[in-house]
Amino acid sequence: MAELFQYKCKNCGGALEFNTAEQKLKCPFCDTVFDLAEYNERDEKLDTQEADIPEGNVDEAKEPDEFNWDTNATEWNGEEDGVSVFICKSCGGEIVGDENTAATSCPYCGNPVVMSGRLSGVLKPDYIIPFKFDKKAAKAKLKEYTSKKRFAPNNFTSDNKLEEIKGIYVPFWLFDSDINAAVQYQGTKVRTWSDKKYDYTETSYYDIFRSGNMSFQNIPVDGSTKMADDLMESIEPFNFNEAVDFQTAYFAGYLADKYDVDMEASIPRANERVKGSAENVLRDTVVGYASVTPQNSSVKVVKGTSKYALYPVWLLNTKYNNETYTFAMNGQSGKFIGNVPVDKNKLIGVFAGAAAGITAVVFVVGRLLGIL
């Protein structure tokens, strides 16, 4: 299988790979190491731009939310960079490749994909976080992860077959914003006391108001419909401090997904995350109450911009008892998630043990009370 974004070794002509340990391109045939800058010719013609939105303002918690995002960006002409797009006829996945790639397999469903045509009218990524864990580390993490699952079948780790493992750069829209937020809560304080006859409970209700200005940076929204939002959020966070300017050389030996959710379509999810984060920040300042219930809130993005980045993810598909199980790993931090099958006998055994324990306690109490 030809690798995507293939770079040739200047010494022996072999296909280079991005080496996670060296954070450079390395030839697996002659072990020569190259700086990425030596292979940046294809990136020199690419350009992007950003613009800011004029500031707004916020008054009270009952005002409607306002979200203002800059939606202007320069398109990336893939024709100039020799970039092609590969379409999976099974799930519709679009994989980015170069002119050297004849065919590959879909990282989402494993079916073959074929070249469709040039990639044009697509934004050039602004940033990329390189892989820090290689394929060997991803396999080791899978074994470690599954071996710790209490209710997994005893032979799952040994008998499951690794069908597919792909390192893929997943597209993310990153949103930066200044926020004006105001939230109104109802809080309660409870006082209890007793006399010789009765127990008393007094509940007092309070109106609480919090407002403030805050800034958020790099709020991520997954730009691929093939990658479930909850799956991607489960392997967060990614450390944007380790992001670098985009270069296609980081793709050597890896796949790259083309976004199919554009920035404008990602804004509702960004709004949801911004609003939730702002409300949580203000909620943390409300202390000393038995309960706190939000009544009204107003969140306004007064200056919002976005950028396009690629984040490293390992996708692993295993097969056990003719069923496929998918796992994902953060290629930067190593955080691993996925579902494993449940051994029903183990589950029944735990419940049976718990029931037996309860029965034993009841028996002992009954004996002490002289009932049994």
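This text goes with the structure placed above it.
Structure report, in brief. Note that the structure is a prediction, hence the values are computed from the model and not measured.

## A word on empty space enclosed by the protein
Then, number 1: What the rule picks out here adds up to 2 cavities of 30 Å³ or more.
Then, number 2: Empty space within the second largest cavity amounts to approximately 40 Å³.
Then, number 3: What lines the second largest cavity is simply Phe 172, Pro 220, Val 221, Asp 222, Asp 229, Met 232, Glu 233, Arg 269 and Arg 273.
Then, number 4: Sorting the residues of the lining of the second largest cavity by element identifies β11 (199–222), α3 (229–234) and α4 (263–283) as the ones contributing at least two each.
Then, number 5: Considered class by class, the residues forming the lining of the second largest cavity number 4 nonpolar, no polar and 5 charged.

## A few points about the environment of Thr 201
Then, number 1: Of note, Thr 201 is situated in strand β11.
Then, number 2: Among all residues touching Thr 201, those that are not within four sequence positions of it are Val 190, Arg 191 and Thr 192.

## Regarding the packing of aromatic side chains
Then, number 1: One pass over the full model with this rule turns up 18 aromatic pairs.
Then, number 2: Centre to centre, the rings of Phe 131 and Tyr 169 are 4.9 Å apart; their planes meet at 75 degrees, and the pair counts as edge-to-face. Placement of the pair is Phe 131 in the loop between β9 (127–128) and α1 (135–147) and Tyr 169 in strand β10 (residues 161–194), with a sequence separation of 38 residues.
Then, number 3: Given a relative accessible area of 0%, Phe 131 falls into the buried group.
Then, number 4: Of the residues examined, Tyr 169 reaches a relative accessible area of 0% and is grouped as buried.
Then, number 5: Arranged with centres 4.8 Å apart and planes meeting at 25 degrees, the rings of Trp 173 and Tyr 308 form a pair that is stacked. With a gap of 135 residues between them, Trp 173 in strand β10 and Tyr 308 in strand β14 (residues 291–320) connect regions that are remote in the sequence. Taken as a pair, Trp 173 and Tyr 308 share a single burial class, namely buried.
Then, number 6: Its end group placed over the ring of Tyr 289, Lys 189 keeps NZ or CZ at 5.1 Å from the ring centre.
Then, number 7: Across the ring face of Trp 193, the terminal group of Arg 191 is positioned such that the distance to the ring centre comes to 4.1 Å.

## Examining the sheet that holds strand β2 (residues 24–26)
Then, number 1: Pairing within the open sheet is antiparallel, and its 3 strands lie in the order β1-β2-β3. Where the open sheet ends on each side, the last strands, each with one partner, are β1 (17–19) and β3 (33–34).
Then, number 2: Both β2 and β3 contribute to a ladder of 2 bridges, which runs antiparallel. Note on β3: the bridge partner recorded for Lys 26 is Val 33.

## A word on unusual backbone geometry
Glycine aside, the phi torsion of most residues is negative, and most peptide linkages are trans.
Then, number 1: Following Glu 236, the chain continues into Pro 237 via a peptide bond in cis, with omega recorded as 5 degrees.
Then, number 2: For Pro 237, the position within the fold is in the loop between α3 and β12 (244–245).
Then, number 3: Within the chain, Gln 23 stands out as a residue other than glycine whose phi angle is a positive 55 degrees.
Then, number 4: Assignment of secondary structure puts Gln 23 in the loop between β1 and β2.
Then, number 5: Gln 23 gets classed as partly exposed once you look at its relative accessible area, which sits at 30%.
Then, number 6: The phi angle at Asn 218 is positive, at roughly 60 degrees, despite the residue not being glycine.

## Describing the pattern of salt bridges
Then, number 1: Applying the stated criterion across every chain yields a total of 10 salt bridges.
Then, number 2: The salt bridge partner of Asp 176 is Lys 307, with a shortest N-O separation of 2.7 Å. With a gap of 131 residues between them, Asp 176 in strand β10 and Lys 307 in strand β14 connect regions that are remote in the sequence. By the burial criterion, Asp 176 is buried, and Lys 307 matches it.
Then, number 3: A salt bridge links Arg 269 to Glu 272, with the nearest nitrogen and oxygen atoms 2.7 Å apart. You can see Arg 269 and its partner Glu 272 sitting in helix α4, 3 residues apart, about one turn around the helix.
Then, number 4: Classification of Glu 272 by relative accessible area gives exposed; the value is 51%.
Then, number 5: Through salt bridges that share partners, Glu 233, Glu 236, Arg 269, Glu 272 and Arg 273 make up one connected network.

## Digging into the pairing of strand β15 (residues 323–330)
Then, number 1: Judged from the 8 bridges that link them, β14 and β15 form a sheet pairing that is antiparallel. Opposite Asn 317, over in β15, you have Thr 326 as the bridge partner.
Then, number 2: Pairing of β15 with strand β16 (residues 336–338) involves 3 bridges; the strand directions are antiparallel. Note that in β16 the partner of Phe 327 across the bridge is Gly 338.
Then, number 3: Two successive antiparallel strands, β15 and β16, enclose a turn made up of 5 residues, where Gly 334 displays a positive phi of approximately 90 degrees.

Definitions and limits used
- Residues numbered from 1 in each chain as written.
- Predicted model: local features only at pLDDT ≥ 70, side-chain atom pairs only at ≥ 80, totals over all residues.
- Heavy atoms only, no water.
- 1 Å grid on protein atoms, 1.4 Å probe; cavity = no way out; pocket = protein on both sides within 12 Å on 5 of 7 lines; lining within 4 Å.
- Points joined across faces, edges and corners; volume = space filled by probe spheres on them.
- Helix = DSSP H or I, 4+ residues; strand = E, 2+ residues; numbered from the N terminus.
- Nonpolar A, V, L, I, M, F, W, Y, C, P; charged D, E, K, R; others polar.
- Contact = heavy atoms within 4.5 Å.
- Phe/Tyr/Trp six-rings, centres within 6.5 Å; stacked < 30°, edge-to-face > 60°.
- Buried < 20%, exposed > 50% of the residue type's maximum accessible area, 1.4 Å probe, protein only.
- Lys NZ or Arg CZ within 6 Å of the ring centre and 35° of its normal.
- Pairing = 2+ DSSP bridges.
- Salt bridge = Lys/Arg side-chain N within 4 Å of Asp/Glu carboxyl O.

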